[in-house]
Amino acid sequence: MMGILIAVLSGMLMSVQGVFNTDVTEHSSLWVANCWVQATALAVCFAFWGITDRSSFALLFEVRPRYVLLGGVIGAFITLTVIKSMDLMGPAQAVLFIVIAQMVSAYLIQLFGLFGSEKADWSVQKFVGMAIAIAGVVIFQWERK
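Novice: Whenever I open this one, the overall build of the chain confuses me. Can you help?
Specialist: Helix and strand counts for the chain come out as 5 helices and 0 strands. Starting at the N terminus, the α and β elements of the chain follow one another as α-α-α-α-α. Counting only C-alpha atoms, the chain reaches 55 × 45 × 30 Å along its principal axes. Looking at the chain as a whole, 18% of its 145 residues qualify as buried. Of the contacts formed within the chain by residues at least 6 apart in sequence, a portion of 57% connects residues at least 24 apart. Here the chain has roughly 10900 Å² of accessible surface; of this, 73% comes from carbon and sulfur atoms. Taking the average location of the 8 positive side-chain charges in the chain and that of its 8 negative ones, the two points are 6 Å from each other.

Novice: Teacher, can you tell me more about the packing of helix 1 (residues 2-27) against helix 3 (residues 71-89) here?
Specialist: Two quantities define a packed helix pair, namely the angle between the helix axes and the distance between the axes. For the pair helix 1 and helix 3, the least separation of the axes is 9 Å and the interaxial angle reads 80°. When the axis of helix 1 is compared with that of helix 3, the two are roughly perpendicular. Of the residues in helix 3, those touching helix 1 at Met14, Ser15, Gly18, Val19, Asn21, Thr22, Thr25 and Glu26 are Thr79, Val82, Ile83, Met86 and Asp87. For the contact of helix 1 with helix 3, a count of residues per class yields 5 nonpolar, 6 polar and 2 charged.

Novice: Help me understand helix 2 (residues 30-53), please; the structure alone is not making it clear to me.
Specialist: Since the α-helix packs 3.6 residues into each turn, any two residues three or four apart lie on the same face. Over its 24 residues, helix 2 extends 33 Å from the first C-alpha to the last, a length consistent with the 34 Å expected when each residue adds 1.5 Å. For helix 2, the full list of buried residues reads Ala33, Asn34 and Val37.

Novice: Looking at this structure, how should I read the packing of aromatic side chains?
Specialist: In this description, an aromatic ring pair is defined by two values, namely the gap between the centres and the angle between the planes. The final tally for this structure, using the stated rule, is 7 aromatic pairs. What links up through ring pairs into an aromatic cluster is the set Phe46, Trp49 and Phe57. Over the ring of Trp49 we find Arg54; its NZ or CZ atom is 5.1 Å from the centre of that ring.

Novice: Help me understand the nonpolar core, please; the structure alone is not making it clear to me.
Specialist: Within soluble globular proteins, side chains that are nonpolar tend to cluster in buried spots. Val82, Met86, Ala94, Val95 and Ile98 together form the largest nonpolar core, which totals 5 residues. Excluding its chain neighbours within four sequence positions, the residues that come into contact with Val82 are Met14, Gly18 and Ile98.

Novice: Looking at this structure, I do not really get the side chain of Ser85. What am I missing?
Specialist: Mapped onto the secondary structure, Ser85 falls in helix 3. Classification of Ser85 by relative accessible area gives buried; the value is 15%. Residues contacting Ser85, with those up to four places away along its chain left out, are Gly90, Ala94 and Ile98.

Novice: I keep staring at the confidence of the model for the chain and nothing clicks. Help me out?
Specialist: Averaged over all residues, the pLDDT of the chain is 93; the fraction at 70 or higher stands at 99%. Taken element by element, the predicted model of the chain shows its lowest mean pLDDT in helix 5 (residues 124-141) (91) and its highest in helix 2 (96).

Novice: Would you explain the environment of Gln141 in this entry?
Specialist: Within the element layout of this structure, Gln141 appears in helix 5. A residue is classified by how much of its surface remains accessible, and Gln141, at 29% relative accessible area, is partly exposed. Among all residues touching Gln141, those that are not within four sequence positions of it are Gln93 and Phe97.

Novice: I would appreciate a short explanation of helix 1 in the present structure.
Specialist: Here helix 1 contains 26 residues, and its C-alpha end-to-end distance of 37 Å stays within 8% of the 38 Å for a straight helix at 1.5 Å per residue. Here helix 1 has its buried residues at Gly18, Asn21, Thr22 and Thr25. On the buried face of helix 1, the contacting elements are helix 2 and helix 3.

Rules and cut-offs
- Residues numbered from 1 in each chain as written.
- Predicted model: local features only at pLDDT ≥ 70, side-chain atom pairs only at ≥ 80, totals over all residues.
- Heavy atoms only, no water.
- Helix = DSSP H or I, 4+ residues; strand = E, 2+ residues; numbered from the N terminus.
- Buried < 20%, exposed > 50% of the residue type's maximum accessible area, 1.4 Å probe, protein only.
- Contact = heavy atoms within 4.5 Å.
- Areas by Shrake-Rupley, 256 points an atom, 1.4 Å probe, with all protein chains shown as cover.
- Lys, Arg positive; Asp, Glu negative; His and termini not counted.
- Charge placed at Lys NZ, Arg CZ, Asp CG, Glu CD.
- Axes fitted to C-alpha atoms, helices over the stretch in contact; angles between N-to-C directions.
- Parallel < 35°, antiparallel > 145°, perpendicular 65-115°, else oblique.
- Nonpolar A, V, L, I, M, F, W, Y, C, P; charged D, E, K, R; others polar.
- Expected span 1.5 Å × (residues − 1).
- Phe/Tyr/Trp six-rings, centres within 6.5 Å; stacked < 30°, edge-to-face > 60°.
- Lys NZ or Arg CZ within 6 Å of the ring centre and 35° of its normal.
- Core = buried A, V, L, I, M, F, W, Y, C linked by side-chain atoms within 4.5 Å.
- pLDDT = per-residue confidence, 0-100.

Written as structure tokens, this is what we have:
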């Protein structure tokens, strides 16, 4: 249950952040807004690290495989693409496509055991669930003319 609540909070925060970041972009630029987002996130992470954790950053040199350290780089492009998609399509439409893309790509990562994740078996139920979600996006997009 806690996982569901945290996931719901994550989705809500992502939507609010996307709207905020899009507004910042309108008053500055895409890369200035992205730098601001990443810099303020870094400041918050340093503050919480200082208060709660204090693990050594030297532990990062022990991380294997090394490519998993690219999460921050990917995060910068996530911020950029969320801002741009919300600007072009609006928050609701952008988040629909973002969530569908997350669901499909996460299932494919699990299905094939990519990036060291535990491999999942093919599931008709999960396929049907994704198909229903995609159908929901199509219905959401469908405009009568």
